[in-house]
Amino acid sequence: MSTPARRPRRRWTGDYLYLFENLVMKDFRVRYRTMSLGVLWSLINPLVMMTVLTFIFGRVFGGDRPPLFPVFVLCGLVPYNFFTLAFLSGTLSIVDNAPLVKRVPVPREIVPIVAVLSHVVHLLIQIALLIVFTLAFGLRPTAAWIWLPVVWIFYILFICGLSLGASALNVYVRDTRYLVESFNMILFYLVPIFYSFEIIPARYVALYQFNPVAAMVLATRNILLDGKAPPASLISNLMVASAFTVGLGLLIFLNLKSRFYEHI
Amino acid sequence: MRAERLPSGAVRFDRVTKSFAQQGGPKLLRERLGDLLASSKGRRIEVLKDTSFDLAPGESLGLVGANGAGKSTLLNLATGLLDPDSGTIDVGGRVGALLELGAGFHHDLTGAENLRIQAALMGLSRKDMETKFDEIADFSGVREFIHEPLRTYSQGMILRLAFSVAVCASPDVLLIDEMIGVGDQSFKELSHRKVQEMRSAGHTILLASHSEDLITSLCDRALWLERGRVMMLGNVTEVLAAYRTGSHNPVP
């Protein structure tokens with residue numbers, strides 16, 4: 001490419017931790033301060049979805065449902081919701097933060113990562129809700145619960161990687177946002193939220209096996225519903241997927257970022 | 001090739017050229033695909049051509065030139081917001097830019113929250129900010145409203161807040177783009193005085209302005225840009241005189 005040879009001339013030097021904290025809290029505050037119910041929305045939304053899905057697939061369709069169906073559904077909703085919100089915010093982040101990108105010489109990689117991390121505050125509340133439901137349905141904590149933070153960290157890394165790539169593409173091709181929105185909608189059906197992995201016909205299993213969102217749902221159910229550590233294959237899939245997307249996302253981002261200024 | 005480190009406050013532009021694609025701006029997929037099929041590289045406009053100058057620590061340089069002459073591009077390059085197509089730029093120490101005051105502020109957040117975000121973006125650490133917060137809040141003159149959301153502030157208050165955090169961060173090199181031209185009389189006086197103070201304290205200053213009075217009172221040297229080219233670099237009075245009459249002596 002025609003990028004100049006002597007590249008990293010001047011690096012932003014400063015307190016990265018303080019910067020991350022301030023920017024993450026900014027996104028979080030801006031999102032909730034203007035709502036009268038504030039952060040309660042992060043409880044209401046999954047509860048409403050859980051009730052609707054439990055009613056439709058537990059009562060209307062009837063038939064054999066996995067045990068503890070409401071918790072089962074919630075284990076699917078929390079990872080799926082986090083994915084859709086964080087991935088969309090991440091994708092839009094560079095364009096939405098144009099004043100920042102055009103006026104402050106902080107490393108641009110920070111912007112999509114902050115957008116994803118700002119949803120973590122709200123994710124923690126949802127995970128707390130999930131744990132309350134798990135306990136309320138009579139399940140007890142097991143040693144396997146320590147896997148919960150491990151899988152979530154890889155999952156968040158995976159979404160950071162996707163967001164890095166998509167946010168850079170969105171600067172050049174603004175339609176990226178609509179692709180992401182459509183993708184998120186399709187994903188709702190391609191992730192076993194209201195059905196279990198076991199009912200998937202063998203020939204379609206590959207479609208799910210390489211989908212980190214589905215892997216995350218399965219891992220959460222393994223840990224909370226079965227009280228068991230997720231199978232090693234699932235964890236290694238998640239690790240490989242997050243390493244691969246972070247690598248690819250960074251590659252796309254680093255190649256495109258030098259011309260962000262003139263395109264936003 | 002690693003150039004020797006410049007001392008804090010020094011600025012060096014060495015044959016810097018910067019161009020922009022003529023077809024910038026957002027595009028939809030349809031247009032992008034059209035571009036790809038047409039496979040034209042697109043025309044580029046040179047906004048800054050072969051620009052060189054050196055600033056010693058503590059020096060102040062005024063940039064003059066018509067709108068579109070490349071003054072803002074030069075400041076953006078010095079800030080590190082843009083990368084040059086060719087040539088090198090070296091800046092020693094921390095850079096503080098007064099480009100668009102308050103551009104990154106959010107109106108639903110309080111003055112104090114905005115101050116902290118801005119300070120963190122400028123590279124201040126938590127400890128720096130803890131010790132400087134009161135100083136910044138006092139200097140801004142909006143101390144009693146500091147925990148109110150920014151949307152309740154007047155334009156002038158926002159300006160003062162943004163200015164305070166930028167100068168209290170005490171950068172080695174201060175870049176100013178027409179900043180002092182905005183705001184009411186009292187803000188102009190306050191900011192003028194503060195920049196003068198920083199100049200005496202030995203901060204390097206790079207100031208782009210259309211105001212000859214400002215350049216005369218704040219700068220040691222002046223640089224006249226026209227359509228991306230350096231027309232003249234030297235003594236403030238001489239450069240301004242040449243700029244006014246439109247005659248020029250090209251830099252050797």
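In the block above lies the structure referred to throughout.
Quick caveat: nothing in here was measured; it's all calculated off a predicted structure. (Residues numbered from 1 in each chain as written. Chains lettered and ligands numbered in written order. Predicted model: local features only at pLDDT ≥ 70, side-chain atom pairs only at ≥ 80, totals over all residues. Heavy atoms only, no water.)

**Student:** Explain the overall build of chain A to me, using residue names and the numbers behind them.
**Tutor:** Secondary structure summary: chain A contains twelve helices and zero strands in total. Going from the N terminus to the C terminus, chain A shows its helices and strands as α-α-α-α-α-α-α-α-α-α-α-α. Computed over the C-alpha atoms, the radius of gyration of chain A is 20 Å, within 12% of the 18 Å expected from 2.2 N^0.38 for a compact globule of 264 residues. Along the three orthogonal principal directions, the C-alpha set of chain A runs to about 65 × 45 × 35 Å. Accessible surface, chain A as shown: approximately 12,300 Å² in total, 70% of it carbon and sulfur. Separation of charge centres in chain A, based on 22 positive and 11 negative side chains, amounts to 6 Å. (Helix = DSSP H or I, 4+ residues; strand = E, 2+ residues; numbered from the N terminus. Rg over C-alpha atoms; globule rule 2.2 N^0.38 Å. Areas by Shrake-Rupley, 256 points an atom, 1.4 Å probe, with all protein chains shown as cover. Lys, Arg positive; Asp, Glu negative; His and termini not counted. Charge placed at Lys NZ, Arg CZ, Asp CG, Glu CD.)

**Student:** Break down the sheet that holds strand β8 (residues 221-226) of chain B for me, citing the residues and quoting the values.
**Tutor:** Residue and element names in this part refer to chain B. Sheet architecture is open: six strands sit in the order β5-β6-β7-β3-β8-β9, paired in mixed fashion. Looking at the sheet topology across the chains shown, the edges are occupied by β5 (95-98) and β9 (229-235). Taking each pair of neighbouring strands and ignoring which way they run, the sheet shows an average axis angle of 15°. Looking at chain direction, strand β3 (residues 60-64) and β8 are connected through four bridges and run parallel. Bridge pairing in β8 places L63 opposite L223. (Pairing = 2+ DSSP bridges. Axes fitted to C-alpha atoms, helices over the stretch in contact; angles between N-to-C directions.)

**Student:** Which residues make up the pattern of salt bridges, and what are the values?
**Tutor:** If you walk through the whole model with that rule in mind, you get 18 salt bridges over all chains. Close ionic contact of R15 of chain B with D14 of chain B constitutes a salt bridge, the shortest N to O distance being 3.1 Å. A single salt-bridge network, built from bridges that share partners, covers R29 and R33 of chain A together with E113 of chain B. (Salt bridge = Lys/Arg side-chain N within 4 Å of Asp/Glu carboxyl O.)

**Student:** Explain the interface of chain B and chain A residue by residue, including any values.
**Tutor:** Each side of the interface is counted separately: chain B has 47 residues, and chain A has 37 residues. Of the roughly 3,800 Å² buried where chain B meets chain A, counting both sides, 55% is carbon and sulfur surface. On the chain B side of the contact with chain A, L81, L121 and R126 of chain B bury the most area, a combined 18% of that side's loss. Across the pair E113 of chain B and R33 of chain A runs a salt bridge whose closest N-O atoms are separated by 2.9 Å. Our count for the contact surface shared by chain B and chain A stands at seven residue pairs in polar contact (both at pLDDT 80 or more). Elements supplying a minimum of two residues to the side of chain B that touches chain A: β1 (11-21), α1 (29-38), α2 (71-79), β4 (86-91), α3 (111-121) and α4 (126-140) of chain B. Element by element, the count of residues in the side of chain B that touches chain A is highest for α3 of chain B, at five residues. For the side of chain B that touches chain A, the class distribution of residues is 22 nonpolar, 14 polar and eleven charged. (Contact = heavy atoms within 4.5 Å. Buried area = accessible area lost by both parts, 1.4 Å probe. Polar contact = N/O pair within 3.5 Å; in protein donor to acceptor, adjacent residues only side chain to side chain. Nonpolar A, V, L, I, M, F, W, Y, C, P; charged D, E, K, R; others polar.)

**Student:** Any details on the packing of aromatic side chains? Residues and values, ideally.
**Tutor:** Applying the stated criterion to the full structure yields 27 aromatic pairs over all chains. With a centroid separation of 4.1 Å and 10° between ring planes, the pair formed by F57 of chain A and F194 of chain A is classed as stacked. Placement of F57 of chain A in helix α2 (residues 41-60) and of F194 of chain A in the loop between α8 (176-190) and α9 (205-209) is noted, with a sequence separation of 137 residues between them. Each member of the pair, F57 of chain A as well as F194 of chain A, is classed as buried. With centroids separated by 5.6 Å and ring planes inclined at 65°, the aromatic side chains of W224 of chain B and Y243 of chain B adopt a geometry described as edge-to-face. A residue pair is termed long-range when its members are at least 10 positions apart, and W224 of chain B in strand β8 and Y243 of chain B in helix α8 (residues 236-245) qualify at 19 residues. Classification of W224 of chain B by relative accessible area gives buried; the value is 1%. Linked through ring pairs, F57, F61, Y80, F188, Y189, F194, Y195, F197 and Y208 of chain A together constitute an aromatic cluster. The lysine or arginine in question, K102 of chain A, covers the ring of Y261 of chain A, its NZ or CZ lying 4.8 Å from the ring centre. Positioned over the ring face of F139 of chain B is K194 of chain B, at 5.2 Å from the centre of the ring. (Phe/Tyr/Trp six-rings, centres within 6.5 Å; stacked < 30°, edge-to-face > 60°. Buried < 20%, exposed > 50% of the residue type's maximum accessible area, 1.4 Å probe, protein only. Lys NZ or Arg CZ within 6 Å of the ring centre and 35° of its normal.)

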